Amino acid sequence: MNTFLLWALALGPVLLAEALLARHEVLVYSAGLRTPGSELPEGVPYARGAGPDRPPDAYLVYLDGIGKRRFRDTRDGGQLVKDVIAKAPELRVLGQVQPYSPLADPLADRKVWAWLRRHIGLLLFLHNVMQVFVAADHRYRPLYNRAVGSQIATQLRLAGYQPGGGIPVVLLSYSGGAQVATGAVEELHTQLRCPVVVITLGGFHNGANDLTHAEHVHQLTSASDRIERVGTWIFPQRWRLFRRSGWNRASRAGKITVHRLDPATHLGPRSYISPEGKLPDGRSYLDHTTDTLIALIRAHCGATAVTDEPLS
């Protein structure tokens, strides 16, 4: 009991400080005190995959989980992105978007956070966790959606996207990135007039964002994913009782298709993006996830019907 109290006393002020800091960035954005940056560090391209010699079949924007804290990919997310690029060279892929920073300011590049990363690395994850809840908070959600949606639109333009051109934009999100992906749909529709397909992978989100202008939402999940299941419990908008929530309206409109990736887990050696864990057919969990993603995207690019059965 004493140990629990010590942890509570230690983490309580930290969590409170993180909650305040997470709100600070979206308030700075809304007040116009700072505008989101768009330049990338030297050596970081605006897109990978399909080159500029011809239009890609689709633009894929990867919105990583809470480990994202720099322009470059996280270790696990980077493996997924590399696998997609290798197996689907017709896609133009963007992985530099900062889903947990309305100002597009990578956490790891801030001096104070560089010190904290060396001494208290857990705080980096707590910061991004709090940003997910800020993005889900009804008081900040419209501002957050507009900020990150604009960030994505800017990066797409810099990667060669022509507004109104009709090329699909696929928002692939892992874990908490799903809150940002579902929130960015309206801003992308407004700024780029593009068809948007949302793919959530173990998506942790509150279900409140309007998905009217999403072409379709593919929910990749597993019965063994406890973290995603927590999200369906703690956010009332994900409950069927709340029929007017964005998620439930999209579900009734037939816009959401669930794809099972059992027995994958959210994290660990059997996670959706683990290259080590093996399925009975010999493929890794990463291979299974990548193959499913590419099949879904190609089906949309080919304007063919997508069903869950062939991809299970």
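Source: prediction; values computed, not measured.

Scoring rules and cut-offs
- Residues numbered from 1 in each chain as written.
- Predicted model: local features only at pLDDT ≥ 70, side-chain atom pairs only at ≥ 80, totals over all residues.
- Heavy atoms only, no water.
- Helix = DSSP H or I, 4+ residues; strand = E, 2+ residues; numbered from the N terminus.
- Phe/Tyr/Trp six-rings, centres within 6.5 Å; stacked < 30°, edge-to-face > 60°.
- Buried < 20%, exposed > 50% of the residue type's maximum accessible area, 1.4 Å probe, protein only.
- Lys NZ or Arg CZ within 6 Å of the ring centre and 35° of its normal.
- Pairing = 2+ DSSP bridges.
- Right-handed = clockwise from strand over helix to strand, strands pointing away.

Engineer: Give me the lowdown on the environment of glycine 51, citing residues and values where you can.
Structural biologist: Within the element layout of this structure, glycine 51 appears in the loop between β1 (48–49) and β2 (58–63). As for glycine 51 and leucine 91, which are separated by 40 residues in sequence, their C-alpha atoms are 9.0 Å apart.

Engineer: Can you break down the packing of aromatic side chains residue by residue, with the values?
Structural biologist: Summed over all chains, the structure comprises 3 aromatic pairs. Ring geometry for phenylalanine 204 and phenylalanine 235: centres 5.6 Å apart, planes at 70 degrees, overall edge-to-face. Remark: phenylalanine 235 occurs in the loop between α7 (226–234) and α8 (246–252) and phenylalanine 204 occurs in the loop between β5 (196–201) and β6 (214–221); sequence separation between them is 31 residues. Here the two residues phenylalanine 204 and phenylalanine 235 agree in accessibility, since each one is buried. Summarising the aromatic geometry, the rings of tryptophan 239 and phenylalanine 242 are spaced 6.0 Å apart at their centres and angled 65 degrees between planes, so their arrangement reads as edge-to-face. Given a relative accessible area of 36%, tryptophan 239 falls into the partly exposed group. Owing to a relative accessible area of 36%, phenylalanine 242 belongs among the partly exposed residues under this scheme. Its guanidinium or amino end placed over the ring of tryptophan 247, arginine 238 lies 5.0 Å from that ring's centre, counting from NZ or CZ.

Engineer: Outline the pairing of β5, supporting the account with residue identities and numerical values.
Structural biologist: Most of β5 is tucked away: 6 of the 6 residues are buried. Of the two faces of β5, both are covered, the one formed by Val196, Val198 and Thr200 as well as the one formed by Val197, Ile199 and Leu201. Where strand β4 (residues 169–174) and β5 come together, 6 bridges link them in parallel fashion. Each bridged residue has a counterpart across the sheet, and for valine 169 the counterpart in β5 is valine 196. Handedness of the crossover joining β4 and β5 through helix α6 (residues 177–192): right-handed. Of the strand pairs in this sheet, β5 and β6 are connected by 6 bridges, and their pairing is parallel. Bridging from a neighbouring strand, leucine 201 pairs with leucine 220 of β6.

The analysis is restricted to geometry; functional conclusions fall outside its scope.
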